[in-house]
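# Fold and geometry: a report
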Amino acid sequence: MILGLGLGLPFQAANGDDDMAWTRPSDWTAMPMPTAEMIYILSAVTNDASNYVALSATVTGGFDVDWGDGDITSHASAAKAEHLYDYADAGLGALTTAGYKQALIKITPTSGGNQITAWDLGQKHSRTNLGAHVQPWLDIAINTPAATTIAIRSTVETRWVERINFIAIGAITSMSGLFQNCNSLQSVSFPTGSLASVTNMTNVFNSCVSLPEVTFPAGSLAAVTGLNSAFSTCSRMRRIAFPAGSLSLVTSATGTFSSCQTLKTISWPTGALAAVTTIANMFQNCLSLQEMSFPAGALAALTTLDTSFGVCTCLRKVTFPAGSLTLLTTLATCFSNCVSLEEVIFPSGALTLVVTTTNTFNACAALKRIQNCTIPVSFTIATQSFGGAQLDEIYTALPIAVAKTITITTNHGAVDDTPLIATAKGWTVTGT
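Below is a summary of the structure that appears in this document. (Residues numbered from 1 in each chain as written. Predicted model: local features only at pLDDT ≥ 70, side-chain atom pairs only at ≥ 80, totals over all residues. Heavy atoms only, no water.)

What follows deals with the sheet that holds strand β20 (residues 404-407). One key point about sheets: their strands pair by backbone hydrogen bonds, in either a parallel or an antiparallel sense. Overall, parallel pairing links the three strands, which are arranged β19-β20-β21 in an open sheet. In this open sheet, the two edge strands, each paired with only one partner strand, are β19 (379-380) and β21 (427-430). (Pairing = 2+ DSSP bridges. Helix = DSSP H or I, 4+ residues; strand = E, 2+ residues; numbered from the N terminus.)

The next subject is the environment of Val 377. Along the chain, Val 377 turns up in the loop between β18 (369-371) and β19. As a C-alpha pair, Val 377 and Ala 401 span 24 residues in sequence and 7.8 Å in three-dimensional space. Once residues within four sequence positions are removed from consideration, Val 377 is found in contact with Val 354, Val 355, Thr 357, Lys 404 and Trp 427. (Contact = heavy atoms within 4.5 Å.)

A separate point is the pairing of β20. As defined by bridge partners, β19 adjoins β20 across two bridges and the pair is classed as parallel. Looking across to β20, one finds that Phe 379 is bridged to Ile 406. Once you follow β19 into helix α1 (residues 388-397) and on to β20, the crossover reads as right-handed. In the sheet, β20 pairs with β21 via four bridges, with the strands oriented parallel. (Right-handed = clockwise from strand over helix to strand, strands pointing away.)

The next point concerns the sheet that holds strand β12 (residues 213-215). If you walk across this open sheet you meet the three strands as β12-β13-β14, and the pairing is parallel. Each having just a single partner strand, β12 and β14 (265-267) make up the two edges of the open sheet. Here the strands of the sheet are splayed against their neighbours by 5° on average, with no regard to which way each runs. Two strands pair when backbone bridges link them, and strand β13 (residues 239-241) and β14 are joined in this way by three bridges, in the parallel orientation. Its bridge partner being in β14, Arg 239 is matched across the sheet by Thr 265. (Axes fitted to C-alpha atoms, helices over the stretch in contact; angles between N-to-C directions.)

For the coordinates displayed, the defined rule picks out 23 aromatic pairs. Its guanidinium or amino end placed over the ring of Tyr 87, Lys 101 lies 4.6 Å from that ring's centre, counting from NZ or CZ. (Phe/Tyr/Trp six-rings, centres within 6.5 Å; stacked < 30°, edge-to-face > 60°. Lys NZ or Arg CZ within 6 Å of the ring centre and 35° of its normal.)

All right, on to the side chain of Asn 51 then. Relative to the assigned elements, Asn 51 resides in the loop between β1 (38-45) and β2 (52-59). The buried category is assigned to Asn 51, whose relative accessible area is 5%. Polar contacts involving the side chain of Asn 51 include one to the main-chain carbonyl oxygen of Thr 46, which spans 2.8 Å. Only 3.3 Å separates the side chain of Asn 51 from the backbone oxygen of Asp 48, close enough to count as a polar contact. Asn 51 has contacts with Ala 44, Val 45, Thr 46, His 83, Leu 84 and Tyr 85, leaving out every residue within four places of it along the chain. (Buried < 20%, exposed > 50% of the residue type's maximum accessible area, 1.4 Å probe, protein only. Polar contact = N/O pair within 3.5 Å; in protein donor to acceptor, adjacent residues only side chain to side chain.)

This is the structure:
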């Protein structure tokens, strides 16, 4: 999985292609490969008096921390380990071109054979009046096969970290907010067989502002039920691929990809989103998304599409799968301001329960075809690009109605359409 940003500045590959793999800075201290029950952290040490760091680990018999500057401390299980670096300390690693020195931290159980079952690398130092603070981790390597509760950022944000390498982790169930606000994250790797027990991915990568691509290991994410804002504001994300068998249990996906402004491709497995009831704002402000085709079996339980594709300005076509949208009740602002949208394909037999269509197709000036438009309540497709035959297609799909209106003002097809098809079913056609 390739991600991208560096120390708060937008990551840009040398050739301008955001898809290029992250390159580890050549003047960073080499990162050893941790053996089982070991965590390595490369930390920046800046030329000031604010080099306070803290972390914790849960392990029978306690844990030791080699702080990488000559100090080694021992701590009780789950206790907060704290340290203050001195920039002038001769035990620190070399000065980098970025202006900071380095410390290579090692966390291990105090007694050999004991297992680290939880860890938190986002603890805040207890220094009085220590205000806004960012954990200065740069590179992290983790080999904790028994750890089931983990945190990269919790009370302190970890905005500098560029790479996180999971060699081994236990059966974690929650990734909620795990990497949220890790603005500099460029590379994350998960081991084969991991993430199979994860149920919650809410905000997992929220505001990781430069992820161009995300790939998860085979067999993972099959138990996930919550996907709200999982990738929201990943403004450089280009592609996401979900593994086979994943996401079939997701029930809520509100804002999942909201404001992923460069997102172009999502690879869905068959059966994904079969249980989801809302995808409100799911793709809102995905400015580069050109087409969306959901997988077979998706959206069968869906009840709301509110603002799902709002302001997707490059979106041209949306295809919903057979069997979907039969429970849908609201389409409000679903495609609002999709100024390039040309075609929407609804499945046969859908939309019969829809009661709200406020601004569903608002400002969709390029829209020229809606297939299976069985909306049973009044709606508007005004100031768009429907020809006569395409309007007749909509009229033909409309259900029998009482006192319902379809507004077609400023469509060139209003000159040669056949409104009688709709009026014969009890509809009023305005704007002809």
